[in-house]
Amino acid sequence: NAGVTQTPKFQVLKTGQSMTLQCAQDMNHEYMSWYRQDPGMGLRLIHYSVGAGITDQGEVPNGYNVSRSTTEDFPLRLLSAAPSQTSVYFCASSEDRGLTEAFFGQGTRLTVV
Amino acid sequence: GQQLNQSPQSMFIQEGEDVSMNCTSSSIFNTWLWYKQDPGEGPVLLIALYKAGELTSNGRLTAQFGITRKDSFLNISASIPSDVGIYFCAGQNRDDKIIFGKGTRLHILP
């Protein structure tokens, strides 16, 4: 019973590099989302998807792209990493748009130098 | 945009004490959620509240959805060492957007 799986758990990037954070869920949830967590800032929504083929922007989308080609996977792409993107990233999934029964992954700790 | 003010930011308590934390906003929310995050882990849902005035318990945890729909509190009774962590409130507004508070970090003194 994997739930929400995020990879990698840790990553260091140089400024300007690109990378993809992976998120997969095995619960057949329609709704998936990406958050970033910064000290003293709580969780802020980056992008979300209400189903395969549908994505939308959250509160802090700049510098990130997403796609949802399957129900299971929701990768987050950093196009050109910046130090301001140093953060812990969480992927979450739930049956519907609300987070009432959301399951979070363990997080990816990203450092951009 | 909408903001949630969560307080206190951190708490240091003795094992066995009761804990109370709250979230307030100038905006109305339709759902209030309380999460706990352990170090190195993602948040885990503790309690979800769907109606103004609702009082819900989950073991030693009790949470209430404020009558004005602009606030919520979480109480933990008889704290134990495994209660240590960061507690987040989150509100869902009428546009289905989820806003998170900045968290309350709970420390338990030996």
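About the cut-offs
- Residues numbered from 1 in each chain as written.
- Chains lettered and ligands numbered in written order.
- Predicted model: local features only at pLDDT ≥ 70, side-chain atom pairs only at ≥ 80, totals over all residues.
- Heavy atoms only, no water.
- Helix = DSSP H or I, 4+ residues; strand = E, 2+ residues; numbered from the N terminus.
- Buried < 20%, exposed > 50% of the residue type's maximum accessible area, 1.4 Å probe, protein only.
- Pairing = 2+ DSSP bridges.
- Axes fitted to C-alpha atoms, helices over the stretch in contact; angles between N-to-C directions.
- Phe/Tyr/Trp six-rings, centres within 6.5 Å; stacked < 30°, edge-to-face > 60°.
- Lys NZ or Arg CZ within 6 Å of the ring centre and 35° of its normal.
- Contact = heavy atoms within 4.5 Å.
- Buried area = accessible area lost by both parts, 1.4 Å probe.
- Salt bridge = Lys/Arg side-chain N within 4 Å of Asp/Glu carboxyl O.
- Polar contact = N/O pair within 3.5 Å; in protein donor to acceptor, adjacent residues only side chain to side chain.
- Nonpolar A, V, L, I, M, F, W, Y, C, P; charged D, E, K, R; others polar.

K.L.:
Whenever I open this one, unusual backbone geometry confuses me. Can you help?
P.N.:
In terms of backbone geometry, most residues other than glycine have negative phi values and most peptide bonds are trans. Between threonine 7 of chain A and proline 8 of chain A the backbone carries a cis peptide bond, its omega angle lying at -10 degrees. Mapped onto the secondary structure, proline 8 of chain A falls in the loop between β1 (4–7) and β2 (10–13). Of note, the amide linkage connecting serine 7 of chain B to proline 8 of chain B takes the cis form, showing an omega dihedral of -5 degrees. Mapping proline 8 of chain B onto the fold places it in the loop between β1 (5–7) and β2 (10–14). Phi is positive for asparagine 28 of chain A, which is not a glycine, with a value near 60 degrees. With respect to the secondary-structure elements, asparagine 28 of chain A resides in the loop between β3 (19–25) and β4 (31–38). In this structure asparagine 28 of chain A comes out as exposed when scored by relative accessible area, which is 56%. For alanine 78 of chain B, which is not glycine, the phi torsion reads 45 degrees and is therefore positive. Here alanine 78 of chain B shows up in the loop between β8 (71–76) and β9 (85–92). The exposure class of alanine 78 of chain B is partly exposed, given its relative accessible area of 36%.

K.L.:
Got a minute to help me understand the sheet that holds strand β7 (residues 61–65) of chain B in this structure?
P.N.:
Residues and elements named next belong to chain B. Strand order in the open sheet formed by five strands is β1-β3-β8-β7-β6, and the pairing between neighbours is antiparallel. Either end of the sheet is taken by a strand with one partner, and the two such strands are β1 and β6 (55–58). Geometrically, the sheet is characterised by an average inter-axis angle of 15 degrees between neighbouring strands, direction not taken into account.

K.L.:
Would you mind showing me how to read the packing of aromatic side chains here?
P.N.:
Scanning the entire structure with this criterion turns up eight aromatic pairs over all chains. Note on tyrosine 31 of chain A and tyrosine 48 of chain A: the rings are 5.8 Å apart at their centroids and 40 degrees apart in plane angle, and the pair reads as tilted. Here the residue tyrosine 31 of chain A occupies a position in strand β4, and tyrosine 48 of chain A occupies one in strand β5 (residues 42–51), the gap between them amounting to 17 residues. Grouped by ring-pair contacts, the aromatic residues Tyr35, Phe90 and Phe104 of chain A together with Tyr35 and Phe100 of chain B constitute a single cluster. Above the face of the phenylalanine 74 of chain A ring, arginine 68 of chain A is positioned so that its terminal group lies 5.9 Å from the ring centre.

K.L.:
Just to check I follow, could you spell out the interface of chain A and chain B for this structure?
P.N.:
When the parts of a complex come together, some accessible area is lost, and that lost area is often used as the size of the interface. On the chain B side, the residues contacting the 16 residues of chain A number 18 residues. Taken over both partners, the interface formed by chain A and chain B buries close to 1,500 Å², and the fraction arising from carbon and sulfur atoms is 56%. Summed over the shared surface of chain A and chain B, the result is zero salt bridges. Viewed at the interface, chain B and chain A are joined by two residue pairs in polar contact (both at pLDDT 80 or more). Elements that contribute at least two residues to the side of chain A that touches chain B include exactly β4 and β5 of chain A. Taken together, the residues of the side of chain A that touches chain B sort by class into seven nonpolar, seven polar and two charged.

K.L.:
I would appreciate a short explanation of the sheet that holds β1 of chain A in the present structure.
P.N.:
Residue and element names in this part refer to chain A. A sheet is described by the order of its strands in space; here four strands give the open sequence β1-β3-β8-β7, paired in antiparallel fashion. If you trace the sheet from one side to the other, it starts and ends with β1 and β7 (64–66), each paired once. Within the sheet, the average angular offset between the axes of one strand and its neighbour, ignoring direction, is 20 degrees.

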